[in-house]
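Spelled out from the first residue to the last, the chains are:
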Amino acid sequence: MTMNNNESVDVLIIGAGLAGIGAACQLRRNCPDHSIMVLESRAASGGTWDLFRYPGFRSDSDMYTYSYGFKPWKDKSTIADGQKILSYIREAAAENDVEKHIRYQHKVVAADWSSADKRWLVTAERGDTGESVTISCKFMFNCSGYFDYEKGYTPEFAGIDDFSGQVVHAQHWPEDLDYKGKRVVVIGSGATAITLVPAMSKDTASLVMLQRTPTYIASLPSEDPMAKSMGKWLPNSWVFRLTRWKKVFFQIYIYQLSRRKPQQLKKFLLGGVRKALGPDYDVATHFTPDYNPWDQRLCAVPDGDMFTAIREGRAEVVTDHIDQFNGDGIQLKSGKQLDADIVILA
């Protein structure tokens, strides 16, 4: 393939989410002589943090390590809500004059390497005009993430068309969804589910988190104690960097512990759950996975809000398998029936 008279840049970034904006900012800061372009398939920046709109949407990583090293995280929240993260990403773009380099509604559909020209030829379809454009670049940086933004994963559930209530996918949250006083079942036990449960349970008549298998869940303080203490004496930039590196080393320690002494870490994590839910709660069934910590992702909740919702009776965890949907709700393989007005796919 030989290059024609297409538009040309040094670095082409695919995606204007956290990673794409971060890459563009770093290039603007450290390589100002390199030309850049960011292609974003949607009409707005922010990626995941603009896409998801479900109640309580937040990070499940601490913001001291999830944020950019060049832009200190100044908010007190260790685990921040989605709107704060979205504002943070857009602030970074504005401060580094990145916005003018972003082309929205440009969905990348092909990328071909030209050996003759030693460049990538990237084809994008414009969502606003329908036309196809080709851009050449020396370096292509893919920051498109791993979500299917057009259609969130939905398993095949027998009888789902018979259900008389409403089925909602968390990725496609309706703005007008009224769940106040309703019976709600949230299917799943990952980061999305454990965010939805404490947020929605404040207003629902009943809320069940239905899971096939448990997930390790750890409670983190909503505000880092060390950062809070240092903030009285040190500038924000120092507090950020010191807390960031403390978090980095702690995460390395926890991961290494999970590899070398998994039973010790498992005992620690489940001990925290038992302390939060009390001695009579069936932690073995609902919060004890059949794998070691960090064999799958470890979920975090700020100030144990998920456990608080369960302890106060606002939410319930059911560990079972779905047999089929019916008119009233979900029939489980154990024979139990979960009646619902709304089922959330999480």
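Conventions used here
- Residues numbered from 1 in each chain as written.
- Predicted model: local features only at pLDDT ≥ 70, side-chain atom pairs only at ≥ 80, totals over all residues.
- Heavy atoms only, no water.
- Salt bridge = Lys/Arg side-chain N within 4 Å of Asp/Glu carboxyl O.
- Helix = DSSP H or I, 4+ residues; strand = E, 2+ residues; numbered from the N terminus.
- Buried < 20%, exposed > 50% of the residue type's maximum accessible area, 1.4 Å probe, protein only.
- Expected span 1.5 Å × (residues − 1).
- Arc of directions from axis to C-beta.

Turning our attention to the pattern of salt bridges. Following the criterion strictly, the structure yields 21 salt bridges and no others. Here Lys 71 and Glu 91 are joined by a salt bridge, their closest N and O atoms 3.3 Å apart. On the criterion of sequence distance, the pair formed by Lys 71 in the loop between helix 3 (63-66) and helix 4 (82-95) and Glu 91 in helix 4 is long-range, its members being 20 residues apart. Look at Glu 91 and you get partly exposed, because its relative accessible area is 42%. With a shortest N-O distance of 2.9 Å, Arg 183 and Asp 341 are connected by a salt bridge. One end of the pair, Arg 183, is in strand 8 (residues 183-187); the other, Asp 341, is in the loop between strand 15 (337-339) and strand 16 (342-345), and 158 residues separate them in sequence. With relative accessibility at 32%, the residue Arg 183 sits in the partly exposed group. Given a relative accessible area of 25%, Asp 341 falls into the partly exposed group.

Let us now look at helix 4. The end-to-end C-alpha separation of helix 4 is 20 Å, in line with the 20 Å expected for 14 residues at 1.5 Å each. By the burial criterion, the buried members of helix 4 are Gly 82, Ile 85, Leu 86, Tyr 88, Ile 89, Ala 92 and Ala 93. Projected down its long axis, helix 4 shows its buried positions confined to an angular sector of 160 degrees, all on one face. Opposite the buried face of helix 4, at more than 90 degrees from it, the exposed residues are Gln 83, Ala 94 and Glu 95.

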